[in-house]
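# Inside the fold
These are the residues of each chain, in order.
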Amino acid sequence: MSNKAQIFDSRQSMKNGQFEVFYYKDRRPSDIGVHHHDFYEIYFFLGGSVRYRIEGRTYDLEQGDILLINPLELHQAHIKPDTLYERIVIWINRNYLAELGEFDAGLEECFVHDPAKPTNLLRPDMVQRAKLIELMEKLNLESHRDRPDSALYAKSLLIQILIEVNRMARKETGDTDENEEPDLISRTLTYIGNHYKENISLDALASEFFVSKYYLSHTFSSRVGISIYRYIIFRRLMAARGLMESGEAPGEVYRRCGFGDYANFYRAFKAEYGISPNEYAAEFSSNKP
């Protein structure tokens, strides 16, 4: 990359309602915990030593790898200390990506996982990698310019990047690391996704999958990066946000998302997002066009 690297910004929310692009190159990156966000992310790994976790899937990254991260997927990068860490990150608003796909180009397809072998990873060849670097360099440059035509040019570059990534995604499925129990955690994640509204206990999960609760707890934490309890809370909070964004009142939402009472919902929401459910609902409503 010939563009000047930016100072790392630890925020995990978008300022722009369309897309944002970042180019980072640092030796001591800030530690970002397991997190999720409401937009799509294209993560282009350029250098360093990184193990990346996304929804229980683990990727030991190679230079030039691309990760495609869906809204609300829990993820975290584990970076080896004192190594130069270089990457390009593109965030894309969900509604904006849908608008870009108005010509039926299928620009969202690359973010759709194959249920038989879900993966977030693309591994471009040298020609593909060089083409993407050139496009992303231009996108990064134009996104931070203030010329009359910069916004339009940046939009066209983003569309080109999405087309290239989608073409790659149609040709390959990527690779995930082998591990001792390849199916247990994915089945646990699916079960929680289908039953988060219910009272899920560790004992019940262990019984469901015929394993020791200690083994399940340890394996889940090592693969996903957080405890089963914390993941269930995440899933409930994600569902609550979606309901509030569709106009439902916070005082009713908690009942539909598995929280026993409003006080527990309030505490969990405030701890995770820094604002109360009512404040979030009001803020989201005021930002609607």
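So, here is what we can say about the structure in this document. (Residues numbered from 1 in each chain as written. Predicted model: local features only at pLDDT ≥ 70, side-chain atom pairs only at ≥ 80, totals over all residues. Heavy atoms only, no water.)

The helix and strand tally for the chain stands at 10 helices and eight strands. Compactness check: the chain gives a C-alpha radius of gyration of 20 Å against a globular reference of 19 Å for 289 residues, within 12% of the reference. Along the first, second and third principal axes, the C-alpha set of the chain runs to 55 × 45 × 40 Å. Looking at the 289 residues of the chain, the share that counts as buried comes to 46%. Long-range pairs, those at least 24 residues apart, make up 70% of the contacts in the chain with a sequence separation of at least 6. Per element, the accessible surface of the chain, about 15200 Å² overall, is 49% carbon and sulfur. Distance between charge centroids for the chain: 3 Å, based on 36 positive and 43 negative side chains. (Helix = DSSP H or I, 4+ residues; strand = E, 2+ residues; numbered from the N terminus. Rg over C-alpha atoms; globule rule 2.2 N^0.38 Å. Buried < 20%, exposed > 50% of the residue type's maximum accessible area, 1.4 Å probe, protein only. Contact = heavy atoms within 4.5 Å. Areas by Shrake-Rupley, 256 points an atom, 1.4 Å probe, with all protein chains shown as cover. Lys, Arg positive; Asp, Glu negative; His and termini not counted. Charge placed at Lys NZ, Arg CZ, Asp CG, Glu CD.)

All right, on to the packing of aromatic side chains then. For any pair of aromatic rings, geometry is given as the distance between the ring centres together with the angle between the planes. Evaluation of the coordinates by the stated rule reveals 16 aromatic pairs. On the numbers, 5.7 Å between centres and 70° between planes, the contact of Phe 220 with Tyr 231 is edge-to-face. Of this pair, Phe 220 sits in helix H6 (residues 213-224) while Tyr 231 sits in helix H7 (residues 228-245), and the two are 11 residues apart along the sequence. Side by side, Phe 220 and Tyr 231 carry an identical accessibility label, which is buried. (Phe/Tyr/Trp six-rings, centres within 6.5 Å; stacked < 30°, edge-to-face > 60°.)

The next thing to look at is the environment of Ser 221. Mapping Ser 221 onto the fold places it in helix H6. According to the relative accessible area criterion, Ser 221 is partly exposed, its value standing at 28%. Between the alpha carbons of Ser 221 and Arg 235 there is a distance of 16 Å; along the sequence they are 14 residues apart. Discounting chain neighbours no more than four positions away, the residues touching Ser 221 are Arg 53, Ile 226 and Ser 227. Here Ser 217 takes part through its backbone oxygen, which lies 3.0 Å from a polar atom of the side chain of Ser 221. (Polar contact = N/O pair within 3.5 Å; in protein donor to acceptor, adjacent residues only side chain to side chain.)

Of all five residues that make up strand S3 (residues 50-54), four are buried, and the element is covered over most of its length. Summarising the sheet, S3 and strand S6 (residues 75-79) pair through five bridges and their orientation is antiparallel. In the strand pairing of S6, Arg 51 is matched with His 78. Across four bridges, the pairing between S3 and strand S4 (residues 57-60) is antiparallel. The residue bridging Ile 54 from the neighbouring strand is Arg 57, located in S4. A loop of two residues connects S3 with S4, the two strands running antiparallel in sequence, and Glu 55 in this loop sits at a positive phi of about 50°. (Pairing = 2+ DSSP bridges.)

The strands making up a sheet associate through backbone hydrogen bonding, with each pair oriented either parallel or antiparallel. Strand order in the open sheet made by the five strands is S1-S7-S2-S5-S8, with antiparallel pairing throughout. Each having just a single partner strand, strand S1 (19-26) and strand S8 (121-122) make up the two edges of the open sheet. Judged from the seven bridges that link them, strand S2 (residues 40-47) and strand S7 (residues 85-92) form a sheet pairing that is antiparallel. For Phe 45, the partnering residue across the bridge sits in S7 and is Arg 87. Along the sheet face, helix H3 (residues 150-171) touches S1, S2, strand S5 (66-69), S7 and S8 and points at about 105° away from the line of S7. (Axes fitted to C-alpha atoms, helices over the stretch in contact; angles between N-to-C directions.)

Quick look at the sheet that holds S3 now. If you walk across this open sheet you meet the three strands as S4-S3-S6, and the pairing is antiparallel. A single partner strand is all that each edge strand has here, and the edge strands are S4 and S6. Between one strand axis and the next, the sheet turns by 15° as a mean value, whatever way the strands run.

Evaluation of the coordinates by the stated rule reveals 16 salt bridges. Here Arg 57 makes a salt bridge to Glu 73, at a shortest N to O gap of 3.1 Å. Highlighted residues: Arg 57 in strand S4 and Glu 73 in the loop between S5 and S6, separated in sequence by 16 residues. In this structure Glu 73 comes out as buried when scored by relative accessible area, which is 9%. Across the salt bridge formed by Glu 142 and Arg 145, the nearest N and O atoms sit 2.8 Å from each other. Given the relative accessible area of 9%, Glu 142 is considered buried. Judged by its relative accessible area of 32%, Arg 145 is partly exposed. By sharing partners, the salt bridges in this structure join Glu 62, Asp 65 and Arg 123 into a single network. (Salt bridge = Lys/Arg side-chain N within 4 Å of Asp/Glu carboxyl O.)

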